[in-house]
Amino acid sequence: MSILVYAEHLDGTCKKAAFEAVTYARKVADEMSLPCIALTIGDVGNAGELGTYGADRVLHAAANNHFDGQHHAKQIAHAATEVNAKVIILSHTSTGKALAGRLAVMLDAGLASGVNSLPDLSTGFRVKRSVYSGKAVATYELSSDMQVLSVMGNTFPAQANGTLAQVEQVESVQHESRITVQSVNKADGSVPLPEADLVVSGGRGFKGPENWDILLQLAEALGAATACSRPVADSGWRPHHEHVGQTGVAIRPNLYIAIGISGAIQHLGGVNNSKTIVVINKDPEAPFFKAADYGVVGDLFEVVPKLTAAVKAYKEGV
Amino acid sequence: MNAMKQLVCISKTPDTTSRISFVEDSTKFDTDGIQYIMNPYDEWYALVKALEVKEQVGGSITVINVGDASSEQIIRKALAIGADDAIRVDKLAEDAGDVAAQIAAVAKNEAYDLIYTGKETIDYNNSEVGSRIAAHLDLPFISYANALSIEGDTFTIARDIEGGSEVLTIQAPFVLSASKGLAEQRIPNMRGIMMAKRKPLEVKEAVAYQATSKIVEYEKPEGRTSCKLVDPDNMNELVRLLHEEAKVI
Ligand SMILES: Cc1cc2nc3c(=O)[nH]c(=O)nc-3n(C[C@H](O)[C@H](O)[C@H](O)COP(=O)(O)OP(=O)(O)OC[C@H]3O[C@@H](n4cnc5c(N)ncnc54)[C@H](O)[C@@H]3O)c2cc1C
């Protein structure tokens with residue numbers, strides 16, 4: 001038996017989400033005294049690196065780099081049977097979410113998606129995940145022979161302390177894909193929001209898109225990703241993929257700086273799992289202050305440039 | 001393009017402003033005083049996109065819900081917005097796998113061209129039902145679709161990926177989950193509401209299902225204890241706190 005982790009990649013490189021999933025899988029493997037086996041699919045340049053994050057073996061199935069959930073699930077299910085997987089681990093990303101349910105059905109496995117704890121094996125197989133858009137945490141008990149878990153990002157920091165693994169080629173499953181990927185468009189240069197450690201987010205307090213430079217300069221100084229409240233995206237001031245909250249992207253960065261955002265319950269739903277929250281708002285009664293670790297009551301047009309300058313001074317100092 | 005037979009899966013979820021609490025030793029969601037709505041992703045994006053597709057190529061839209069009689073309010077709303085008919089599988093689902101198994105059991109015999117779900121429900125946030133239905137029916141699944149257009153018999157779909165979007169082409173049949181941007185919310189009008197009362201709603205018996213997951217306990221995350229206010233004229237102090245105290249920069 002073994003723990004199988006699917007290490008996803010983007011354009012041929014395994015990144016943070018994959019390293020976190022392997023780190024998590026290593027911990028599960030240790031808990032269950034089983035080997036940790038990583039699988040990559042496609043043309044992956046740095047698969048051997050997965051060894052450093054704890055994979056005992058790294059398997060690789062050749063394929064083109066276009067994502068087709070039907071094909072990938074078949075390949076993962078095939079590997080799961082080959083290595084007699086007890087638990088299959090995925091990243092809780094657009095890729096992992098497209099695969100998790102399908103694998104659970106194909107393999108008759110129990111599934112907990114977006115988990116944020118290690119399994120508790122003292123009474124059956126129990127694992128925690130956030131529900132009600134971050135307003136509660138539920139403990140799931142999975143009762144099947146095989147389990148599928150997708151791991152919430154930014155929850156188990158990637159830990160590299162092993163050595164590079166030898167990559168083993170495995171048989172590629174045949175699949176007549178019905179999907180043709182035409183293009184993959186990454187938002188320019190910036191850090192993808194769901195993976196970002198630091199996020200600077202703006203609300204209606206900015207008054208209009210022409211004022212966003214103030215925010216972008218702070219984000220750049222910090223090396224942070226940018227986000228926004230729903231009305232900001234709805235008004236077209238910022239692209240939709242920046243919209244965070246209950247009906248947008250849910251994130252949990254180490255630092256979330258909310259500027260000119262009132263802190264409506266639907267907004268908090270997507271960000272209240274952030275480790276540290278800073279709120280900048282001119283209204284001392286803004287509800288967001290109740291959900292913040294640090295608050296600055298002041299006009300964002302004055303405060304934010306000062307903060308940017310302070311960040312730059314700090315960065316130059318180190 | 002031929003007329004399309006479309007199925008839209010709709011879920012009943014607590015209103016977004018609901019206060020979330022638990023009863024029976026934190027094992028059950030406290031439904032007291034909770035207002036229910038149609039899951040926003042299902043209503044705003046999936047259903048409206050199905051209407052747009054029907055307006056372009058013709059065909060029919062069925063909405064399906066797995067739930068008890070208390071779901072009829074959201075089903076009627078979906079009919080008022082423009083669905084042609086509805087199916088309710090009479091069961092309080094045990095888990096997301098149950099919902100998908102029930103819907104797949106219905107869809108199996110119907111040869112739908114397109115099956116829609118929302119990208120997730122705002123209560124359990126599982127994001128599982130679409131890919132599970134696709135697995136049961138052995139169909140492709142396009143997650144997080146944010147744009148869809150049709151030309152000839154080819155669909156061009158953009159879907160959210162981390163920090164960007166992917167554009168792909170596909171032919172029916174397939175399953176998709178709807179994300180923001182796929183369509184613009186529509187408000188039912190008086191005529192729609194009147195017509196909805198006469199549209200067919202079929203209640204079906206559930207098929208057998210063996211649940212493999214169960215929620216055994218809920219907790220509320222620890223709230224933030226206090227907010228430390230920093231002088232707006234002293235942003236060096238904020239940077240110091242973030243570095244030395246919070247250790248996030
Ligand atoms: C079903 C549903 C789902 C929703 N989902 C989401 C969601 O996912 N995400 C989301 O964000 N919202 C969501 N909303 C909307 C939400 O209810 C709020 O309307 C929205 O979050 C408010 O955005 P805001 O804070 O940018 O704007 P406002 O509420 O208008 O707040 C602007 C803030 O800026 C401050 N401000 C103004 N000028 C300045 C200045 N010069 N300096 C400093 N501060 C200033 C004001 O004091 C105010 O607090 C949802 C609503 C519904 C009904």
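In this text the structure is predicted, and so the values were computed from the model without any measurement.

### Re the site of the ligand
(1) Moving on: The full set close to the ligand counts 28 residues, and Ser-229, Thr-247, Ser-262, Gln-266 and His-267 of chain A are the nearest of them.
(2) Moving on: The ligand sits at the junction of chains A and B, each of which supplies nearby residues.
(3) Moving on: With respect to the ligand, the side chain of His-267 of chain A contributes an N or O atom lying 2.7 Å from an oxygen atom.
(4) Moving on: A distance of 3.0 Å is found between a nitrogen atom of the ligand and a side-chain nitrogen or oxygen belonging to Asp-299 of chain A.
(5) Moving on: When the free accessible area of the ligand is taken as 990 Å², the share hidden by the protein chains comes to 81%.
(6) Moving on: Of all the elements in the fold, those that place two or more residues in the shell around the ligand are α5 (230–234), α6 (265–271) and α7 (300–317) of chain A.
(7) Moving on: Residue composition of the shell around the ligand, by class: 7 nonpolar, 15 polar and 6 charged.

### A look at the environment of Gln-70 of chain A
All names here are of chain A.
(1) Moving on: Structurally, Gln-70 can be placed in helix α2 (residues 69–82).
(2) Moving on: You can call Gln-70 buried: its relative accessible area is 8%.
(3) Moving on: It is 26 Å that separates the C-alpha atoms of Gln-70 and Ala-250, two residues lying 180 residues apart in sequence.

### As for the nonpolar core
(1) Moving on: Counting residues in hydrophobic clusters, the biggest one holds 45 residues, and the most contacted among them are Leu-4, Ile-76, Ile-88, Leu-90 and Leu-103 of chain A.
(2) Moving on: Filtering out sequence-adjacent residues up to four positions away, Leu-103 of chain A remains in contact with Ala-73, Ile-76, Ala-77, Ile-88, Leu-90, Asp-108 and Val-148 of chain A.
(3) Moving on: Judged by nonpolar contacts, the second largest core, of 42 residues, contains Met-4, Ile-61, Ile-150 and Ala-178 of chain B.

### A short note on the domain arrangement of chain A
Residues and elements named next belong to chain A.
(1) Moving on: Domain annotation for chain A reports domain 1 (2–169) and domain 2 (193–316).
(2) Moving on: Using C-alpha coordinates to define each centre, domain 1 is positioned 31 Å away from domain 2.
(3) Moving on: Together domain 1 and domain 2 conceal approximately 890 Å² of surface at their shared face, both sides included; 37% is due to carbon and sulfur atoms.
(4) Moving on: Three residues, Ser-133, Lys-135 and Asn-154, lead the burial of domain 1 against domain 2; their summed loss comes to 51% of the area buried on that side.
(5) Moving on: Seen at the junction of domain 1 and domain 2, the total is 1 salt bridge.
(6) Moving on: For Lys-16, the salt bridge goes to Asp-197, with nearest N and O atoms at 3.0 Å.

### Some remarks on the confidence of the model for chain B
Any residue range with low pLDDT should be treated as having predicted coordinates unsuitable for detailed reading.
(1) Moving on: Averaged over all residues, the pLDDT of chain B equals 95, while 100% of them reach at least 70.
(2) Moving on: In the model output, the complex is listed with pTM 0.90 alongside ipTM 0.93.

### Concerning α2 of chain A
Given 3.6 residues per helical turn, the α-helix brings residues three or four places apart onto the same face.
Residues and elements named next belong to chain A.
(1) Moving on: A rise of 1.5 Å per residue sets the reference length of α2, with its 14 residues, at 20 Å; its end C-alpha atoms lie 20 Å apart and thus fit the reference within 8%.
(2) Moving on: Within α2, 10 of the 14 residues are buried, leaving the element largely enclosed by the surrounding structure.
(3) Moving on: Residues of α2 that are buried: Gly-69, Gln-70, His-71, His-72, Ala-73, Gln-75, Ile-76, Ala-77, Ala-79 and Ala-80.
(4) Moving on: Looking at the buried side of α2, the elements it contacts are β1 (2–6), β4 (36–41), β5 (57–61), β6 (85–91), α3 (94–107) and β11 (167–170).
(5) Moving on: Taking the backbone nitrogen of Gln-70 as reference, a side-chain oxygen 3.0 Å away marks Asp-68 as the first, capping residue of α2.

### Here we look at the pattern of salt bridges
(1) Moving on: Evaluated as defined, the whole model comprises 27 salt bridges over all chains.
(2) Moving on: Lys-180 of chain B is the salt-bridge partner of Asp-234 of chain A, the closest N and O atoms lying 2.8 Å from each other. Here Lys-180 of chain B lies in the loop between β12 (174–178) and α5 (190–196) and Asp-234 of chain A lies in helix α5, a pairing that spans two chains.
(3) Moving on: Since its relative accessible area comes to 9%, Lys-180 of chain B is described here as buried.
(4) Moving on: The salt bridge partner of Lys-306 of chain A is Asp-233 of chain B, with a shortest N-O separation of 2.8 Å. Linking Lys-306 of chain A in helix α7 with Asp-233 of chain B in the loop between β15 (228–229) and α6 (235–245), this pair reaches from one chain into another.
(5) Moving on: For Asp-233 of chain B, a relative accessible area of 60% gives the class exposed.
(6) Moving on: Residues joined by salt bridges that share partners form a network here, namely Arg-26, Asp-30 and Asp-56 of chain A.

Thresholds, definitions, all that
Residues numbered from 1 in each chain as written. Chains lettered and ligands numbered in written order. Predicted model: local features only at pLDDT ≥ 70, side-chain atom pairs only at ≥ 80, totals over all residues. Heavy atoms only, no water. Near = heavy atom within 4 Å. Polar contact = N/O pair within 3.5 Å; in protein donor to acceptor, adjacent residues only side chain to side chain. Areas by Shrake-Rupley, 256 points an atom, 1.4 Å probe, with all protein chains shown as cover. Helix = DSSP H or I, 4+ residues; strand = E, 2+ residues; numbered from the N terminus. Nonpolar A, V, L, I, M, F, W, Y, C, P; charged D, E, K, R; others polar. Buried < 20%, exposed > 50% of the residue type's maximum accessible area, 1.4 Å probe, protein only. Core = buried A, V, L, I, M, F, W, Y, C linked by side-chain atoms within 4.5 Å. Contact = heavy atoms within 4.5 Å. Domains from an automatic or database assignment. Buried area = accessible area lost by both parts, 1.4 Å probe. Salt bridge = Lys/Arg side-chain N within 4 Å of Asp/Glu carboxyl O. pLDDT = per-residue confidence, 0-100. Expected span 1.5 Å × (residues − 1).

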